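This is what each chain is made of:
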Amino acid sequence: MELCTILQPECTTCATPGSKKKVLELISDIVAAQYPTLSSQEVFESLLAREKMGSTGIGNGIAIPHGRLTTIDHPIGIFIKCEEPIQFDAIDKQPVDILFALLVPADQCQQHLSTLSSMAQKLSDKQVLKQLRKIHDSTELYQVITA
């Protein structure tokens with residue numbers, strides 16, 4: 001699946017959320033603004049439930065928060081570059097500045113895992129990460145991550 005089919009330009013942003021809770025709230029607010037049938041609270045609770053099982057901070061300044069929703073029929077991606085890194089309980093104990101959040105229909109487990117794996121692979125490319133970390137514009141951020 002092409003990333004541009006699940007990640008819209010309006011769901012890609014540079015921000016300074018300040019904390020793990022605030023970035024999860026930001027993700028939830030972005031989703032609710034773009035998908036009016038979803039409430040930010042519903043999205044936040046889904047992301048938080050997954051974080052309670054273990055941090056989605058995968059190391060190297062990257063986190064991939066994700067959750068399942070029974071109220072959607074297609075995956076939704078959100079990409080955030082934090083202008084200031086935040087503590088995210090990552091496995092390497094380092095702060096996070098690159099986040100790709102993914103919301104999937106509750107019944108699409110395999111697609112969920114495949115998309116997460118693809119994104120983790122893309123973000124493991126040191127050149128892509130270096131480029132993303134230099135960007136301070138949402139449009140350019142979207143272009144680089146979906147290239």
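Just so it is clear, the model here is predicted, and its values are computed rather than measured.

Reading the values: rules and limits
- Residues numbered from 1 in each chain as written.
- Predicted model: local features only at pLDDT ≥ 70, side-chain atom pairs only at ≥ 80, totals over all residues.
- Heavy atoms only, no water.
- Helix = DSSP H or I, 4+ residues; strand = E, 2+ residues; numbered from the N terminus.
- Buried < 20%, exposed > 50% of the residue type's maximum accessible area, 1.4 Å probe, protein only.
- Contact = heavy atoms within 4.5 Å.
- Areas by Shrake-Rupley, 256 points an atom, 1.4 Å probe, with all protein chains shown as cover.
- Phe/Tyr/Trp six-rings, centres within 6.5 Å; stacked < 30°, edge-to-face > 60°.
- Lys NZ or Arg CZ within 6 Å of the ring centre and 35° of its normal.

Draft legend 1. View of the overall build of the chain. Broken down by element type, the chain carries five helices and six strands. Secondary structure elements of the chain occur, N-terminal to C-terminal, as β-α-α-β-β-β-β-β-α-α-α. Projected onto the principal axes, the alpha-carbon positions of the chain cover approximately 35 × 30 × 25 Å. In the chain, which comprises 147 residues, the proportion classed as buried is 48%. Long-range pairs, those at least 24 residues apart, make up 69% of the contacts in the chain between residues at least 6 apart in sequence. Surface accessibility of the chain: about 7,300 Å² in total, with carbon and sulfur atoms responsible for 51%.

Draft legend 2. Representation of the environment of Ile 98. On the secondary structure map, Ile 98 appears in strand β6 (residues 96–105). For Ile 98 and Thr 13, which are 85 residues apart along the polypeptide, the C-alpha to C-alpha distance reads 11 Å. The residues contacting Ile 98, other than those within four sequence positions of it, are Gly 61, Ile 62, Ala 63, Phe 79, Ile 80, Lys 81, Leu 123, Leu 129, Leu 132 and Arg 133.

Draft legend 3. Local environment of the packing of aromatic side chains. Taken as a whole and judged by the stated rule, the model has zero aromatic pairs. In this structure, Lys 20 is placed above the aromatic ring of Phe 88, and the distance from its NZ or CZ to the ring centre is 4.7 Å.

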